[in-house]
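Read off the chains here:
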Amino acid sequence: MFKKILLTSILLASFFANVAQEYWMQPEKFNLKPGESVIINLMAGENFIGEPLVAETNAVQLPTSIDSIAKNENGTISYSFKMEGTELLSLQTRNIFLESDPGKFNDFLKYAGLDDIVYQREKKNAQTSPGRENLSIHTKLLLQIGESRDEDYKKVLGFPAEIIPLQNPYALKIGEKIRFKILFQGKPVFGARVKVWNRSNNRTTIQNMYTEKDGTIEAIISNDGPWMVSVVSMIPSKQEGVDWQSYRASLVFGIEK
């Protein structure tokens, strides 16, 4: 079971000046021994390179197998796990209001493949209007503790936007395929643009894919290093003074050589 904890709006506002960003959880390492400590940061950035955001020790939804949590002198947070297995950690934020320059907002819609939102803005002659959105982040992280693997990797947590791996990435080797299912409000999404990132040898590669009718995509594990799958969902907002509600979802895991 997971603790139901929300990360409140304690993020640094400066990181939201540019809407074309990704948000993810980044550990020091992905494969750990039982009882070994690891620092995990919430990151914001582009090209799978970012800066840590401010978070609290209770910001992350943790599995019951957590052994200890410690806040370090430099503000980072260390976690350790007592049992072997594939561990799923997750984090989500409350809504954060963001008003963006019209040009930057239009560019972001194209970046995220939100063609329907582009069409709605054109239909309303709103292309020169600022992008006023409530933004929430829904990110997941998979770690491998020891040698044993389990089924935690495919748990559905009920986030508004969520990425579900259909195979355990820690059971795969370089060159093998992996599938993911993209959910929005609990249902598979057809035609969503999904970005698959890899950071290896100080270089980032990215693949843009579109979900099938069953909400799935398929990628090849081509390199070692950190991997991220990300997607943006956006719908009209019902809140006064806010035009859009956007959800940024991501899933991160690591592959060893």
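In this text, all values refer to a predicted model and were calculated from it rather than measured experimentally.

J.: How do you make sense of the overall build of the protein when you look at a structure like this?
T.: Looking only at helices and strands, the protein has two helices and 17 strands in total. Each of the 257 residues in the protein was classed as buried or not, and the buried ones make up 53%. Taking contacts inside the protein between residues at least 6 apart in sequence as the whole, the part at least 24 apart equals 66%.

J.: Explanation requested: the pairing of strand 10 (residues 161-165) in the structure shown.
T.: Successive side chains on a regular strand alternate, one facing one side of the sheet and the next facing the other. Extensive coverage of strand 10 is indicated by the burial of five of its five residues. Alternating positions in strand 10 separate into two faces, A161, I163 and P165 on one and E162 and I164 on the other, with burial throughout. Strand direction decides the pairing type here: strand 10 and strand 11 (residues 177-184), joined by five bridges, are antiparallel. What sits directly across from I164, in strand 11, is K181.

J.: When you look at helix 1 (residues 102-111) in this model, what are you seeing that I'm missing?
T.: Think of an α-helix as turning once every 3.6 residues; residues three or four places apart then point the same way. The set of residues buried in helix 1 consists of P102, F105, F108 and L109. Across the axial projection of helix 1, the buried residues extend over an arc of 125°, all falling on one side. Seen from the buried face of helix 1, the exposed residues on the opposite side, beyond 90 degrees, are D107 and K110. Packing partners of the buried residues in helix 1 comprise strand 8 (96-100), helix 2 (115-123), strand 9 (131-145), strand 16 (225-236) and strand 17 (244-255). Positive phi shows up at G113, right after helix 1, with a value of about 75°.

J.: What's the story with the pattern of salt bridges in this structure? I'm lost.
T.: Summed over all chains, the structure comprises eight salt bridges. One salt bridge connects R179 with E218, and the closest N-O pair in it is separated by 3.4 Å. Taken together, the residues span a long stretch of sequence, with R179 in strand 11 and E218 in strand 15 (residues 216-220) at a distance of 39 residues. Judged by its relative accessible area of 27%, R179 falls in the partly exposed class.

J.: Any chance you could explain the confidence of the model for the protein here in plain terms?
T.: Interpretation of this model should avoid reading the predicted coordinates in detail wherever pLDDT is low. For the protein, per-residue confidence averages 86 on the pLDDT scale, and residues scoring 70 or more make up 83% of the total. This stretch, residues 1-20, has a pLDDT under 50; its non-local contacts, to residues over four places away or in other chains, come to 61 contacts.

J.: Would you mind showing me how to read the nonpolar core here?
T.: Core analysis: the biggest nonpolar cluster contains 54 residues, and I40, L141, L143, I163, F180 and F253 have the highest contact counts within it. When near neighbours in sequence (up to four residues on either side) are disregarded, L143 contacts P27, K29, F30, L32, V38, I40, F81, G85, T86, E87, L89 and Y170. Core analysis: the second largest hydrophobic core is formed by nine residues, F108, L114, I117 and W244 among them.

J.: Even after reading the chapter, I still don't get the side chain of N168, so can you show me in this structure?
T.: Among the secondary structure elements, N168 is positioned in the loop between strand 10 and strand 11. You can call N168 buried: its relative accessible area is 7%. In this structure, N168 is in contact with T86, R149, D150 and Y153, ignoring residues within four places of it in sequence.

J.: Help me understand the pairing of strand 7 (residues 85-92), please; the structure alone is not making it clear to me.
T.: Burial analysis of strand 7 places eight of its eight residues in the buried class, which makes it a mostly covered element. In this sheet, strand 9 lies alongside strand 7 in antiparallel orientation, the contact comprising eight bridges. Counted as the bridge partner of L91 is T139 from strand 9.

J.: I tried to follow the packing of aromatic side chains on my own but got confused; where do I start?
T.: To describe a pair of aromatic rings, you give the distance between the ring centres and the angle between the ring planes. Within the structure shown, the criterion is met by four aromatic pairs. Judged by centre distance (5.3 Å) and plane angle (75°), the ring pair of W24 and F48 falls under edge-to-face. Of this pair, W24 sits in strand 1 (residues 22-27) while F48 is found in the loop between strand 3 (37-46) and strand 4 (49-52), placing the two residues 24 residues apart along the sequence. F48 carries the same exposure label as W24, and that label is buried.

J.: Would you take a moment to explain the packing of helix 1 against helix 2 for this structure?
T.: Two quantities define a packed helix pair, namely the angle between the axes and the distance from one axis to the other. Two elements in contact, helix 1 and helix 2, have axes whose closest approach is 8 Å; the angle formed by their N-to-C orientations is 140°. One element, helix 1, and the other, helix 2, form an angle in the oblique class. On the side of helix 1, the interface is formed by P102, F105, N106 and L109, while helix 2 contributes I117, V118 and R121. In terms of residue class, the contact of helix 1 with helix 2 is made up of five nonpolar, one polar and one charged.

What counts and how
Residues numbered from 1 in each chain as written. Predicted model: local features only at pLDDT ≥ 70, side-chain atom pairs only at ≥ 80, totals over all residues. Heavy atoms only, no water. Helix = DSSP H or I, 4+ residues; strand = E, 2+ residues; numbered from the N terminus. Buried < 20%, exposed > 50% of the residue type's maximum accessible area, 1.4 Å probe, protein only. Contact = heavy atoms within 4.5 Å. Pairing = 2+ DSSP bridges. Arc of directions from axis to C-beta. Salt bridge = Lys/Arg side-chain N within 4 Å of Asp/Glu carboxyl O. pLDDT = per-residue confidence, 0-100. Core = buried A, V, L, I, M, F, W, Y, C linked by side-chain atoms within 4.5 Å. Phe/Tyr/Trp six-rings, centres within 6.5 Å; stacked < 30°, edge-to-face > 60°. Axes fitted to C-alpha atoms, helices over the stretch in contact; angles between N-to-C directions. Parallel < 35°, antiparallel > 145°, perpendicular 65-115°, else oblique. Nonpolar A, V, L, I, M, F, W, Y, C, P; charged D, E, K, R; others polar.

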